[in-house]
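# An overview of the molecular structure
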Amino acid sequence: MKEKIDINTWIRKDHFKFFSAFEEPFFGVTVEVDCTATYEEAKEHQVSFFLLYLHKSLVAANHVEPFSYRIIDGEVWKYDTVNAAATINRPNGTFGFGYMDFYEDFEDFRTAANLEIEKVQASTGLIPSSSGENVIHYSALPWLSFTSLSHARNYAYQDSCPKISFGKLRDENGRKIMSVSIHVNHALMDGFNVAQFVDCYQALLNRKEVNAYG
């Protein structure tokens, strides 16, 4: 479900009109997050670390409203739920796009996501995701610790989906640290909103969701 925002009465009316006229309205930041507790949680419960930190990022995104805004035919819409369109790595070095629905409960998310991962890894080709607009474009570069990142873009296509990329997990002073790149459309949100997401995400990474495993 989605709801149209009245741009004429929207508090971001001027910001939307200004940035939506740009050829490149996206801005991005790279931050470092502490994944120590979540890494331990994944090991303790023998679940995928990738799926656990991916799920927590979706929880954070669904709690920060501007991450649910999308531009469709020049209008701004707010979605009830934001899902994941993620790159899935294959053993042969290629990747395919997979679509993962968001569930508040991690076990429900993990079950559905594992089925999608199996489907992508058993296939060939890029498999363009027919996921719609209410997704975040996710990618993981578990081989690299990066301090910045750029994305391939088709400027002829009006894109408003946030893009989040995860880097290599590294040990630093006894902690598990990971780079996270966040690119968003400036017509829909500002740095303040990205900071809200990062703060919420870090709080979730710090907390072990023991009840999520039954």
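Residues numbered from 1 in each chain as written. Predicted model: local features only at pLDDT ≥ 70, side-chain atom pairs only at ≥ 80, totals over all residues. Heavy atoms only, no water.

In this section: the packing of helix α2 (residues 36-45) against helix α3 (residues 49-63). Interaxial distance between α2 and α3 falls to 9 Å at its minimum, and their mutual angle equals 130 degrees. One finds that α2 runs oblique with respect to α3. Crossing geometry of α2 relative to α3 is assigned as right-handed. Facing α2, whose interface residues are Thr38, Tyr39, Glu41 and Ala42, α3 presents Phe49, Leu52, Tyr53 and Lys56. Of the residues belonging to the contact of α2 with α3, the class tally is five nonpolar, one polar and two charged. (Axes fitted to C-alpha atoms, helices over the stretch in contact; angles between N-to-C directions. Helix = DSSP H or I, 4+ residues; strand = E, 2+ residues; numbered from the N terminus. Parallel < 35°, antiparallel > 145°, perpendicular 65-115°, else oblique. Left-handed = near helix turned anticlockwise from the far one by under 90°. Contact = heavy atoms within 4.5 Å. Nonpolar A, V, L, I, M, F, W, Y, C, P; charged D, E, K, R; others polar.)

Quick look at the side chain of Asn83 now. On the secondary structure map, Asn83 appears in strand β5 (residues 83-89). The exposure class of Asn83 is buried, given its relative accessible area of 6%. Within polar-contact distance, the side chain of Asn83 engages the backbone nitrogen of Phe102 at 2.8 Å. Once residues within four sequence positions are removed from consideration, Asn83 is found in contact with Leu58, Tyr99, Met100, Asp101, Phe102, Asn134, Val135 and Ile136. (Buried < 20%, exposed > 50% of the residue type's maximum accessible area, 1.4 Å probe, protein only. Polar contact = N/O pair within 3.5 Å; in protein donor to acceptor, adjacent residues only side chain to side chain.)

Attention now moves to the pattern of salt bridges. Summed over the entire model, instances satisfying the criterion amount to 11 salt bridges. With a shortest N-O distance of 2.9 Å, Arg110 and Glu107 are connected by a salt bridge. Taken together, the residues span about one helical turn, with Arg110 and Glu107 both in helix α4 (residues 106-121) at a distance of three residues. The salt bridge involving Glu116 is made with Lys119; its shortest N-O contact spans 3.3 Å. (Salt bridge = Lys/Arg side-chain N within 4 Å of Asp/Glu carboxyl O.)

Moving on, we get to the packing of aromatic side chains. Under the definition given, this model contains 13 aromatic pairs. Centre to centre, the rings of Phe197 and Tyr201 are 5.7 Å apart; their planes meet at 25 degrees, and the pair counts as stacked. Of this pair, Phe197 and Tyr201 both sit in helix α5 (residues 191-206), four residues apart, which is roughly one turn of the helix. Neither Phe197 nor Tyr201 differs from the other in exposure class; each is buried. Here the guanidinium or amino end of Lys2 rests over the ring plane of Trp77, the centre of that ring lying 5.0 Å away. Directly above the ring of Trp10 sits Arg12, whose terminal nitrogen or CZ lies 6.0 Å from the centroid. (Phe/Tyr/Trp six-rings, centres within 6.5 Å; stacked < 30°, edge-to-face > 60°. Lys NZ or Arg CZ within 6 Å of the ring centre and 35° of its normal.)

With numbering aligned to this structure, UniProt lists the feature "active site" (unreviewed entry) at His186. With respect to the helices and strands, the residue His186 is situated in the loop between β9 (175-185) and α5. Once residues lying within four places of it in the same chain are set aside, the contact partners of His186 are Arg12, Phe19, Pro25, Phe26 and Phe27. (UniProt positions renumbered as here; feature names shortened; annotations may be inferred.)

Time to look at the sheet that holds strand β3 (residues 69-72). Read from one edge of the open sheet, three strands run β1-β4-β3, paired in antiparallel fashion. Only two strands of the sheet have a single neighbouring strand rather than two, namely β1 (2-5) and β3. If you compare each strand with its neighbour and ignore which way they point, the axes differ by 35 degrees on average. Bridging between β3 and strand β4 (residues 75-79) involves four bridges; their strand directions are antiparallel. Looking at the pairing, Arg70 lines up with Trp77 of β4. (Pairing = 2+ DSSP bridges.)

This next bit is on the state of the cysteines. All told, the structure shown has zero disulfides when counted by the stated rule. No disulfide involves Cys161; its sulfur sits 20 Å from the nearest other cysteine sulfur, which is in Cys200. Left unpaired, Cys200 is separated from the closest cysteine sulfur, that of Cys35, by 14 Å. (Disulfide = S-S within 2.5 Å.)

It is worth spelling out unusual backbone geometry at this point. Despite not being glycine, Asp73 shows a phi value in the positive range, around 50 degrees. With respect to the helices and strands, the residue Asp73 is situated in the loop between β3 and β4. Judged by relative accessible area, Asp73 falls into the exposed class, the value being 72%.

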